[in-house]
Each structure stands twice: as C-alpha cells, then as structure tokens.
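This is what each chain is made of:
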Amino acid sequence: MEQQEQNSVNMPRIGDKAPAFTAITTQGKINFPTDFSGKWKILFSHPADFTPVCTTEFMTFATRQKEFEALNCQLVGLSVDGLFSHIAWLRNIKEKIDYNGMKDVEVTFPLIEDIKMEVANKYGMIQPGDSETKAVRAVFFIDTKDIIRAIIYYPASLGRNFDEILRALKGLQTADNFGVALPADWEPGKDVIVPPAGSCGAAKERMQGKEENVHCYDWYLCTKKLSKETVEDALYKS
Ligand code: BEZ
C-alpha cells in the first residue's frame, strides 16, 4: 500500500476540464487553456531538451504544424528544462539539424519551460516508475471547450507517430460533427459506425434494412458511408 501511494501520480483523465496553468514559453507567457479556448489544443511533453528522439519529434511537429492549424488546432509543447535551454535547442535545430528531409526548421508554437515540473506534475507527465525528473511523451487532445478528449503516452525510447496523432484529431472532430463512432484503423473516407439501436424495435428495424444507407453486420454493429469529401468539408470549413 505504501509503495502504491508513493507511486501514485495526479493524472487528469478523459472528460476532465484541462487543468489550468500560467507558464513562460518560447513565445512569451501563456494562460493555458484559456488563451486557446475555441481551438483544439494538443499539449505534448518531452523528457528534456537536446535529446535525440525529442529533436526528431520537435522537427516533425514544426514541419507538420500547418496540418494541425488547418484543423483549428494549436500545438503547445513542454520540455522539462529552462527557457534559455529551450531557446538554444530551437536555434540549434534550425541552424544545424538536417534530418529525414527536414532542415532549417523553425519552431513557432510555444514550448513551455518547466524546470520545476509544475505543469508536468499537473498533467501526470512525470511518471516516477520511469523517471522522477523527466516527462514521458504524453499527448493530450483538448477540445474547443477545454475538455480533455484523448490521451496517448509513449515512453522516452519511442518517438510518436504523427500520422496517428493527426488521425486521432480528425477522428475526434468527425465523431463530434457527425454523431458517429469510428472503427479500427478508420481514416476519412472509410465507413463510420452509427450509434447502437436503443430499443428492441429499432434493432429489429435495422436488421430488416429499413434505415437508408445503413449496413448492419449484426444489430449492434451498423455502419454507413461518410465520404472523405463530406468529412473534409466539415473539418476544414473555416
Ligand atoms: C530522447 O529524446 O532521445 C530521449 C530522452 C530521454 C531518454 C532517452 C531518450
């Protein structure tokens, strides 16, 4: 029990309001999440500056930033280091690193200084079983109303998959926009899952094929077509 208590971490969960904080970043002071209310936010953490995996991830976030912006999503990074270290690291990335076709990469989204791990602790990014001083690679998806909608954690040794981060963001927005759920490996253009039948009568009707455009594998697993164009029209409307 004592060991369990020592290892317990304060972790916000899916459905919680994103914990608020004020922080110094490489783009000035921010109040999170209120400065970005009305936008989706991806808050992601790194163990430390000047580390190899983090560098590849930072370059990828910066290179793909426009894809996130097109989905009304603000990127906010955190690394357990101080502001001057952050500035030196970002300058080094821009001036020296030529990696995987990415070079001259300028990071223009905020990178939070969190040497005291105040924000990292608030978000359960410090996981003492792994490290007492370095954040794991957390990705928090926070919606326009500042509610946490999805969380992905990776260990220090494994870089994130950016296609999956973008797919998850599109999936969350599509579920909201169309009132559907998304099956395994869904991507825009693939069939979506309609809400389960809420009564025996509705289940029977579904199985009789009475709902237009709905295909049922069985009464509880029914899908419909939702074209890539329709999804993208909704997601990229602004
Ligand atoms: C990295 O980002 O490369 C890294 C950070 C902490 C531990 C191991 C690797």
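In this text the structure is predicted, and so the values were computed from the model without any measurement.

**Quick notes on the overall build of the protein chain**
- The helix and strand tally for the protein chain stands at eight helices and 10 strands.
- Looking at the protein chain as a whole, 42% of its 238 residues qualify as buried.
- Summarising the internal contacts of the protein chain: among those between residues at least 6 apart in sequence, 68% fall at separations of at least 24.
- Surface exposure of the protein chain reaches about 12800 Å², of which carbon and sulfur atoms provide 50%.
- If you average the places of the 28 positive and of the 33 negative side-chain charges in the protein chain, the two averages end up 3 Å apart.

**Considerations on the nonpolar core**
- Core analysis: the largest hydrophobic core is formed by 37 residues, its most contacted members being I42, F58, F68 and F141.
- A total of six residues in this core trace back to one element, the largest contributor, which is helix 6 (residues 162-178).
- Residue assignment places this core across two domains, with domain 1 (2-160) and domain 2 (179-235) each supplying three or more.
- Those residues in contact with F141, other than ones at most four positions away along the chain, are K41, I42, I147, I148, R149, A150, I151, I152, I165, A168, L169 and L172.
- Core analysis: the next-biggest nonpolar cluster, separate from the first, contains 22 residues, L43, V76, V80 and I126 among them.

**Describing the domain arrangement of the protein chain**
- Domain annotation for the protein chain reports domain 1 (2-160) and domain 2 (179-235).
- Each of domain 1 and domain 2 has a C-alpha centre, and the two are 35 Å apart.

**Looking at helix 6**
- The end-to-end C-alpha distance of helix 6 is 24 Å, a good match for the 24 Å that 17 residues give at a rise of 1.5 Å each.
- Looking at helix 6, one finds that the buried residues are F162, I165, L166, A168, L169, K170, G171, L172, Q173 and T174.
- A side-chain oxygen of the first residue of helix 6 lies 3.0 Å from the backbone nitrogen of D163; this N-cap is N161.
- Just past helix 6, the residue G179 takes up positive phi, approximately 60°.

**Overview of a nonpolar patch on the surface**
- On the surface, M207, Y217, W219, Y220 and L221 cluster together to form a nonpolar patch covering roughly 560 Å² of accessible area.
- Positionally, W219 belongs in the loop between strand 9 (214-218) and strand 10 (221-224).

Reading the values: the criteria
- Residues numbered from 1 in each chain as written.
- Predicted model: local features only at pLDDT ≥ 70, side-chain atom pairs only at ≥ 80, totals over all residues.
- Heavy atoms only, no water.
- Helix = DSSP H or I, 4+ residues; strand = E, 2+ residues; numbered from the N terminus.
- Buried < 20%, exposed > 50% of the residue type's maximum accessible area, 1.4 Å probe, protein only.
- Contact = heavy atoms within 4.5 Å.
- Areas by Shrake-Rupley, 256 points an atom, 1.4 Å probe, with all protein chains shown as cover.
- Lys, Arg positive; Asp, Glu negative; His and termini not counted.
- Charge placed at Lys NZ, Arg CZ, Asp CG, Glu CD.
- Core = buried A, V, L, I, M, F, W, Y, C linked by side-chain atoms within 4.5 Å.
- Domains from an automatic or database assignment.
- Expected span 1.5 Å × (residues − 1).
- Polar contact = N/O pair within 3.5 Å; in protein donor to acceptor, adjacent residues only side chain to side chain.
- Patch = residues over 30% accessible without salt bridge, like charges linked within 9 Å, V, L, I, M, F, W, Y side chains within 5 Å.
- Salt bridge = Lys/Arg side-chain N within 4 Å of Asp/Glu carboxyl O.

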